[in-house]
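Structural overview
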Amino acid sequence: MDIQKSWKQIRIHFSKSFKSSLHVSIASVDAENNPTVTPIGTLFLNDDQTGFYFEKFPSKLPEHAKRNNNICILGVNSNRWLWIKSLYKVKFIEYPALKLYGTLGQRRKVTKKETSRLKRRMRSTKRLKGHQYLWGNMEFVREVHFTKVEKINLRKMTSNL
C-alpha cells in the first residue's frame, strides 16, 4: 500500500476508527528499549502525510521522543457491523486496521484551525461532565510525520483489499 497514493483512503479509515474506538494506539520505545503503547483520542491527519495530536495528558510519549522519535499508530475500525458482516462473509470489504509509521515532530502551540477541528470532532460530548476536563483548555499539539503504511493481513479475509 503506497502512503501517498492511498492517503485519502487512509484518512477515511482513521476517521472511522476514531468513530468506533474513540482513540488510536501510538507505539513508541522507552529508554530501556521496551515497547510501550499510549492511547490518544485526539489524532488528526492532514492532507499531506502529516498529522498532529493534542498533548495535554501524554507524559511518556514526549519523553520517549527525546531519545527515539519513531512511532507506529494503530487504527482499528471496531464497527460492530463491519466485523459481523465480515465474519459472516469471511471477507472484509474495507480495511479492519491500518498501521501508520512515522516520527514525532515538535511540540508547539495550537492554532485556531486545529482547535476548530477538535471542537467539531468532540461536539457530541459537549454537554457531558467530563468534556471540559478532557478536551477543554488544549494548548499544545505534537506534530507527526508519516513515512509508511501497513495494512493488517488477515489472509483470505483481507486478500481482496
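Please refer to the structure higher up on the page.
From a predicted model like this one, the values you see are computed outputs, not experimental measurements.

In this fold, L100 is placed in strand β6 (residues 97-109). Each C-alpha atom, one on L100 and one on I71, is 8.3 Å from the other, the two residues being 29 residues apart in sequence. Once you skip the residues sitting within four places of it in the chain, L100 turns out to touch I3, W7, I10, F14, L45, I71, C72, I73, F146, K148 and V149.

Once that is clear, we can look at helix α2 (residues 60-67). Listing the buried residues of α2 in full gives L61, P62, H64 and A65. Burial along α2 is one-sided: seen end-on, the buried residues are contained in an arc of 160°. In α2, the exposed residues that point more than 90 degrees away from the buried face are K60, K66 and R67. Next to the buried residues of α2 lie β1 (24-29), β2 (35-40), β4 (50-54), β6 and β7 (140-151).

Going through the model one piece at a time under the given rule, you end up with six aromatic pairs. With a centroid separation of 5.2 Å and an interplanar angle of 15°, the aromatic rings of F44 and F52 are classed as stacked. Each member of the pair F44 and F52 is classed as buried. Each member of the aromatic cluster is reached from another via a ring pair, and the members are F44, F52 and F54. When the ring centre of F18 is taken as reference, the NZ or CZ atom of R121 above it lies at 4.2 Å. Residue placement shows R121 over the ring face of F44; its charged tip is 3.9 Å from the ring centre.

Among the structural elements, L161 can be located in the segment after β7. Once the C-alpha coordinates of L161 and E94 are considered, the two residues, 67 residues apart in sequence, prove to be 6.9 Å apart.

Okay, helix α1 (residues 7-21) next. Spanning 15 residues, α1 covers 21 Å between terminal C-alpha atoms, matching the ideal 21 Å at 1.5 Å per step. Remark: L22 follows α1 within two positions and exhibits a positive phi of approximately 65°.

Our next topic: the pairing of strand β5 (residues 70-76). Note: β1 against β5, three bridges, orientation antiparallel. Across the sheet, residue I26 finds its bridge partner in β5, namely I73. The pairing of β5 with β6 spans seven bridges and is classified as antiparallel. Paired with C72 across the bridge in β6 is Y101.

Take the nonpolar core next. Within the largest apolar cluster, 21 residues are counted, with the highest numbers of intra-cluster contacts made by I10, F14, I73 and L100. At the level of secondary structure, the elements contributing two or more residues to this core comprise α1, β1, β3 (43-45), α2, β5, β6 and β7.

As enumerated under the stated definition, the model contains nine salt bridges in all. Close ionic contact of K16 with E94 constitutes a salt bridge, the shortest N to O distance being 3.1 Å. Linking K16 in helix α1 with E94 in the loop between α3 (80-89) and β6, this pair joins segments that are 78 residues apart in sequence. In this structure, R108 and E114 form a salt bridge, with 2.5 Å as the shortest nitrogen-oxygen distance. Taken together, the salt bridges that share partners define one network made up of E55, R107 and R142.

Cut-offs used in this document
- Residues numbered from 1 in each chain as written.
- Predicted model: local features only at pLDDT ≥ 70, side-chain atom pairs only at ≥ 80, totals over all residues.
- Heavy atoms only, no water.
- Helix = DSSP H or I, 4+ residues; strand = E, 2+ residues; numbered from the N terminus.
- Contact = heavy atoms within 4.5 Å.
- Buried < 20%, exposed > 50% of the residue type's maximum accessible area, 1.4 Å probe, protein only.
- Arc of directions from axis to C-beta.
- Phe/Tyr/Trp six-rings, centres within 6.5 Å; stacked < 30°, edge-to-face > 60°.
- Lys NZ or Arg CZ within 6 Å of the ring centre and 35° of its normal.
- Expected span 1.5 Å × (residues − 1).
- Pairing = 2+ DSSP bridges.
- Core = buried A, V, L, I, M, F, W, Y, C linked by side-chain atoms within 4.5 Å.
- Salt bridge = Lys/Arg side-chain N within 4 Å of Asp/Glu carboxyl O.

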